[in-house]
Amino acid sequence: MKRIYFCGGIVIALLVTGIAMQLASVAHVSADLMPLPMAMPNHWAAVGFGGLVLNRGNLAILNQAFNAAFKGGFELVKPMWQQFATEVPSTTGEEKYGWLGATTKLREWVGERVYQNIKSHDYSIKNKTFESTVAVPREAIDDDQYGVYKPLMEQMGQDAALHPDELLFGLMALGFTTPCYDGQYFFDTDHPVGLQGAEQSVSNFQAGAGSAWYLLDTSKVIKPFILQKRRAYAFVNKTQATDENVFDRNEYVWGCDGRLNVGFGMWQQAFASKGTLDETNYDLARTAMMSFKADNGKPLAITPKVLLVHPGNEKAALKLIEAETLASGATNVYRNSAQVVVCPWLT
């Protein structure tokens, strides 16, 4: 009869041992029927009663499963930042964007090339590191509660995918008090435009007492905002028996981290208003944007594409952009002139 090892909670003695002990209680049993001392070979196979044996192989499988859950959550959503920000790869702790505001418009080549007198701007974006970490009691894994924690790992993946949105729209709200490449607030009334010594003030902001709404040109290669990526989000774990969290606190740890940041791009491609979202103010914002020029005096050919609003302005935005007629009964000349985007990150 073979020895059978049972592990996981209660260790049961060999079946042979139990039989032998019962026989010994009622009759004399030959010594050669007594069980040999129990020894576990290096390749023993553990059988658990309703639990998970925490060996290296099973933990590797668990880590792979949680990593797959993280990736599944990451790919489940479509973030909004790609519509409003230019992604720029980063190779150092801080990137400088002295070229912002430059124009690359072509001219007829007559004579020698004309080198554009580009203003030098000292605008930079510093990378920041972000993380999210969860600790799971070791007993929960002992008890094979993988399914309970799998949605948590999926949610972490989804949060990582949406994290740039949180950064971007948080920065947008700070645009009224935070300088951009020309030294003025991103949304301001006096951006200097023109050749050095002959600048004129240009506004991309309408004051008011209401919640801000935004008109944006998202059709250019260089967009109103910049997403600077130094290191992509990665899913990591600390599940080794010698890890401090396991050894000292009896818990396994999973988390993700990434290194990136957001910054302002071209203010000319964004207009913010705190006035009432109606036909008059929309017309003002749209006309102002389409009139923006480069420092050399040439039109930038700005075409507003997106009307970005917070949930409280959704109804007004849809009436303004999608209704065939206005409340007065007149034809809505701005119907379908922009795409309405409602952003829950905006306040």
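The preceding data block contains the structure.
Predicted model only: the values in this text are computed from it and were never measured. (Residues numbered from 1 in each chain as written. Predicted model: local features only at pLDDT ≥ 70, side-chain atom pairs only at ≥ 80, totals over all residues. Heavy atoms only, no water.)

## Some words on the nonpolar core
In this structure, F84, F169, Y214, F225, W254, L307 and L308 are the most contacted members of the largest nonpolar core, which totals 76 residues. At nine residues, the largest contribution of residues to this core is made by helix α5 (residues 146-173). For Y214, the contacting residues outside a window of four places in its chain are M172, A173, F176, F187, F271, A272, V306, L307, L308 and L346. (Core = buried A, V, L, I, M, F, W, Y, C linked by side-chain atoms within 4.5 Å. Buried < 20%, exposed > 50% of the residue type's maximum accessible area, 1.4 Å probe, protein only. Helix = DSSP H or I, 4+ residues; strand = E, 2+ residues; numbered from the N terminus. Contact = heavy atoms within 4.5 Å.)

## Re the pattern of salt bridges
A full pass over the atoms with the stated rule returns five salt bridges. Between E251 and R249 there is a salt bridge, with the nearest N and O atoms lying 3.1 Å from each other. With a shortest N-O distance of 3.9 Å, E324 and R335 are connected by a salt bridge. Taken as a pair, E324 in the loop between α8 (314-322) and β13 (339-342) and R335 in the loop between α8 and β13 lie far apart in primary sequence, 11 residues in all. Since its relative accessible area comes to 54%, E324 is described here as exposed. In this structure R335 comes out as partly exposed when scored by relative accessible area, which is 37%. (Salt bridge = Lys/Arg side-chain N within 4 Å of Asp/Glu carboxyl O.)

## Considering the side chain of R286
Inspection of the secondary structure puts R286 in helix α7 (residues 279-290). Buried R286, no salt bridge; nearest opposite-charge side chain is D283, N-O distance 6.9 Å. With residues up to four places along the chain from it excluded, the contact list for R286 reads L215, P304, Y334 and S337. (Lys, Arg positive; Asp, Glu negative; His and termini not counted.)

## A few points about a nonpolar patch on the surface
A grouping of W99, V221 and I222 is seen on the molecular surface, where their side chains present a nonpolar patch of about 310 Å² in accessible area. Assignment of secondary structure puts W99 in the loop between β2 (94-96) and β3 (124-126). (Patch = residues over 30% accessible without salt bridge, like charges linked within 9 Å, V, L, I, M, F, W, Y side chains within 5 Å. Areas by Shrake-Rupley, 256 points an atom, 1.4 Å probe, with all protein chains shown as cover.)

## Some details on the side chain of D182
Looking at the element boundaries, D182 is found in the loop between α5 and β5 (191-193). By relative accessible area, which is 16% here, D182 ends up buried. A polar side-chain atom of D182 sits 3.4 Å from a polar atom in the side chain of W267. (Polar contact = N/O pair within 3.5 Å; in protein donor to acceptor, adjacent residues only side chain to side chain.)

## A few points about the sheet that holds strand β10 (residues 251-264)
Where strands meet in a sheet, backbone hydrogen bonds hold them as pairs that are either parallel or antiparallel. With respect to topology, four strands assemble into an open sheet ordered β1-β9-β10-β4, the strand pairing being mixed. Looking at the sheet topology across the chains shown, the edges are occupied by β1 (85-89) and β4 (128-137). Taking each pair of neighbouring strands and ignoring which way they run, the sheet shows an average axis angle of 30°. Of the strand pairs in this sheet, β1 and strand β9 (residues 225-238) are connected by five bridges, and their pairing is parallel. Across the sheet, the residue bridging to P89 is K229, located in β9. Sheet contacts for α5: β1, β4, β9 and β10; angle to β10, the most-contacted strand, approximately 20°. (Pairing = 2+ DSSP bridges. Axes fitted to C-alpha atoms, helices over the stretch in contact; angles between N-to-C directions.)

## Remarks on the sheet that holds strand β8 (residues 213-216)
Pairing within the open sheet is mixed, and its five strands lie in the order β7-β11-β8-β12-β13. Two strands bound the open sheet, and with one partner strand each, they are β7 (205-206) and β13. By the bridge criterion, three bridges tie β8 to strand β12 (residues 306-309) in an arrangement that is antiparallel. Of the residues in β12, the one forming a bridge with L216 is V306.

## Here's the deal with the environment of D182
Sequence separation between D182 and W267 is 85 residues, and the spatial gap between their C-alpha atoms is 9.3 Å. Separated by 2.7 Å, the side chains of D182 and H191 make a polar contact.

## A look at the packing of helix α2 (residues 56-76) against α5
Geometrically, a packed helix pair is captured by the angle between its two axes and the distance between the axes. Here α2 crosses α5 at 40°, and the two axes come no closer than 6 Å. Classified by the angle their axes make, α2 and α5 are oblique. At the point where α2 passes α5, the crossing takes the right-handed sense. Seen from α2, the contacting residues are L62, A65, F66, A69, F70, G73, F74 and L76; seen from α5, they are Y146, Y149, K150, M153, E154, M156, G157, Q158, A160 and A161. (Parallel < 35°, antiparallel > 145°, perpendicular 65-115°, else oblique. Left-handed = near helix turned anticlockwise from the far one by under 90°.)

## Quick word on the environment of P151
Along the chain, the position of P151 falls in helix α5. Measuring from C-alpha to C-alpha, the distance between P151 and G73 comes to 8.6 Å, with 78 residues separating the pair along the chain.

## Concerning unusual backbone geometry
You will see that N250, though not glycine, has its phi angle at about 60°, which is positive. Here N250 shows up in the loop between α6 (244-249) and β10. Of the residues examined, N250 reaches a relative accessible area of 29% and is grouped as partly exposed. In this structure, A301 takes a positive phi of about 55° despite not being glycine. Summarising the element assignment, A301 is placed in the loop between α7 and β12. According to the relative accessible area criterion, A301 is partly exposed, its value standing at 43%.

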